[in-house]
Every structure is written in C-alpha cells, then in structure tokens.
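Single-letter residue listing:
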Amino acid sequence: MFTGIVEETGRVLRRSEARLMIGAGLTLNDTQVGSSLAVNGVCLTAVEISGNCVGFDVGPETLARTALGELAAGDEVNLERPMRLDGFVGGHLVLGHVDGVGIIGGVERDASLTARIRVEWQDPALAPLLIPQGSVAVDGVSLTVAALDTRAFEVMVIPHTLERTNLGVLKAGRRVNLEMDVIGKYVMRALSLREGPR
C-alpha cells in the first residue's frame, strides 16, 4: 500500500528483457531484497541491491499492463516506499496495481508555472472509475481530477510536484501508468455483482 506521495525520482541504469536496474537514494533506506517499492506507480519487488542500485524482475504480465516496458537507460522514475500503517496518508490509498495505461494528450503551463496535464485513457472500462475532484494516480503520483470528458481527464500539477517527480518532463504522446481510486473500484465491483449478468 502506498500514498502516491513520491519520495524521490530515481534513474534507470539499464533494462534487459526482465531485469530493471534503477539508481536510487532515499528510498533504499530500510529497503532489502524482498521489499516492495513503487516504480512509476507499479509495485515491484526488489531482487537485487548493490550500493545505490536496486534491481527488479519485471514479468510479462506487468510489461503488458503497464508502461514500464518503454523505459530506457537515463529515464527518470518516481519512487515510493510502502506506507506504514501508523503513518500519515498525504495523498490517497494507492495499491501499486496499475489499472491501465494512459497517453499524455498535452501539457500546458501557466504564468505561475502550474501545469495542466491532459491524460487520455485507452480502456473504456476505466471511465466509470473517474469522477470530478476524485483521486487518480498518474505514474504513481496522487492527483486530483480537475476536468473530465468522455475519453480523457485533466489534472493541475503545482511547481513543487513538477520538480519532485517525473511529471515535469512529460510530453504529449508519452504513455503513463494509471491507477484509479480503490474505493471506486470496490463500489463498481459490488454494483456489478448486485446487477448480475447482462
């Protein structure tokens, strides 16, 4: 369980077919082989730690469901350690289980350097899980839905978040990991079971 409050950005050192190696700092504190870390919002298990480098095995299912397969050496990634159950939840409850991949439709900056980011989702099944002013995680960053239409949503991102995460380097066409609010997912599942097969 995570909160969507990114602790630091790491950098991809190398990626083979199944192994992803990331250079990190703060998030390696108390991280051991077998520990979980959220990498761009995807919960992964550390399988190798050497100095300031942590390695993850990324299976075919994860590659098929997320945008991790597009990472290359030098890319920045958002990193977060799991939340403590006795800790403060600064964002919202994030499982690290990606619901789908979105495509950045555009990034606009205003005079205050705040960014309006448009994200287009690919799977129509994600639409009912988004509500105006609701929570969504984009590449593991907890954000609030500022605008919503039939195939995309927009978020407003303050300069602090743009500097502390990889959202500051997003460009149109980039694929990002999306995780919808877990409460909404449970509500939709309960309603679908109550309605029965159509």
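Novice: Would you mind showing me how to read the overall build of the protein here?
Specialist: A count of helices and strands for the protein gives 3 helices and 12 strands. Relative to a compact globule of 198 residues, whose C-alpha radius of gyration would be 16 Å, the protein shows 17 Å and is just as compact. If you line up the protein on its principal axes, its C-alpha atoms span 50 × 45 × 35 Å. By residue count, 43% of the 198 residues in the protein fall in the buried class. Long-range contacts, defined here as pairs at least 24 residues apart, represent 68% of the contacts in the protein between residues at least 6 apart. Working note: accessible area of the protein is about 10,300 Å², and carbon and sulfur atoms make up 53% of it.

Novice: Just checking my understanding: could you explain the packing of aromatic side chains for this structure?
Specialist: The description of an aromatic ring pair uses the distance of the two centres, along with the angle that the planes make with each other. Under the definition given, this model contains 1 aromatic pair. Relative to Phe153, the ring of Trp121 lies with its centre 6.4 Å away and its plane at 15°, an arrangement referred to as stacked. Here Trp121, found in strand S8 (residues 115-121), pairs with Phe153, found in strand S11 (residues 152-157); they are 32 residues apart in sequence, far enough to count as distant.

Novice: Quick question: what am I supposed to make of the sheet that holds S8 here?
Specialist: For sheets, the rule is that strands pair by backbone hydrogen bonds, running either parallel or antiparallel. Judged by pairing direction, the barrel is antiparallel, and its 6 strands sit side by side in the order S7-S8-S11-S10-S9-S12 before closing back on the first. Across the sheet, the axes of successive neighbouring strands diverge by a mean angle of 45°, strand direction being ignored. Pairing analysis gives 4 bridges linking strand S7 (residues 100-109) to strand S12 (residues 175-180), with the strands arranged antiparallel. Directly across from Ile103, in S12, lies its bridge partner Arg175.

Novice: What is the right way to look at the nonpolar core in this model?
Specialist: The tendency in soluble globular proteins is for nonpolar side chains to be buried side by side. By size, the foremost hydrophobic cluster in this structure holds 23 residues, and its most contacted members are Ile117, Val136, Val138, Leu143, Phe153, Leu167 and Leu178. Looking at this core, the elements with two or more residues in it are S8, strand S9 (135-138), strand S10 (141-148), S11 and S12. Ranked by residues supplied to this core, first place goes to S8 with 4 residues. Residue contacts for Leu167: discarding those within four places in its chain leaves Ile117, Val138, Val141, Leu143, Val157, Thr161 and Leu162. With 18 residues, the next largest nonpolar core counts Val42, Val54, Leu68 and Leu71 among its residues.

Novice: Is there a simple way to think about the pattern of salt bridges in this case?
Specialist: Note on pairing: side chains with opposite charge can pair once their charged atoms come close. Counting across every chain of the model gives 11 salt bridges. In this structure, Arg118 and Asp149 form a salt bridge, with 3.0 Å as the shortest nitrogen-oxygen distance. Note that Arg118 is positioned in strand S8 and Asp149 in the loop between S10 and S11, a separation of 31 residues in sequence. Residue classification places Arg118 among the partly exposed residues on the basis of a relative accessible area of 24%. The shortest N-O distance in the salt bridge between Asp139 and Arg174 comes to 3.4 Å. One end of the pair, Asp139, is in the loop between S9 and S10; the other, Arg174, is in the loop between helix H2 (159-164) and S12, and 35 residues separate them in sequence. A single network of salt bridges, built from pairs that share partners, joins Arg116, Arg118, Glu120, Asp149 and Glu154.

Rules behind the numbers
Residues numbered from 1 in each chain as written. Predicted model: local features only at pLDDT ≥ 70, side-chain atom pairs only at ≥ 80, totals over all residues. Heavy atoms only, no water. Helix = DSSP H or I, 4+ residues; strand = E, 2+ residues; numbered from the N terminus. Rg over C-alpha atoms; globule rule 2.2 N^0.38 Å. Buried < 20%, exposed > 50% of the residue type's maximum accessible area, 1.4 Å probe, protein only. Contact = heavy atoms within 4.5 Å. Areas by Shrake-Rupley, 256 points an atom, 1.4 Å probe, with all protein chains shown as cover. Phe/Tyr/Trp six-rings, centres within 6.5 Å; stacked < 30°, edge-to-face > 60°. Pairing = 2+ DSSP bridges. Axes fitted to C-alpha atoms, helices over the stretch in contact; angles between N-to-C directions. Core = buried A, V, L, I, M, F, W, Y, C linked by side-chain atoms within 4.5 Å. Salt bridge = Lys/Arg side-chain N within 4 Å of Asp/Glu carboxyl O.

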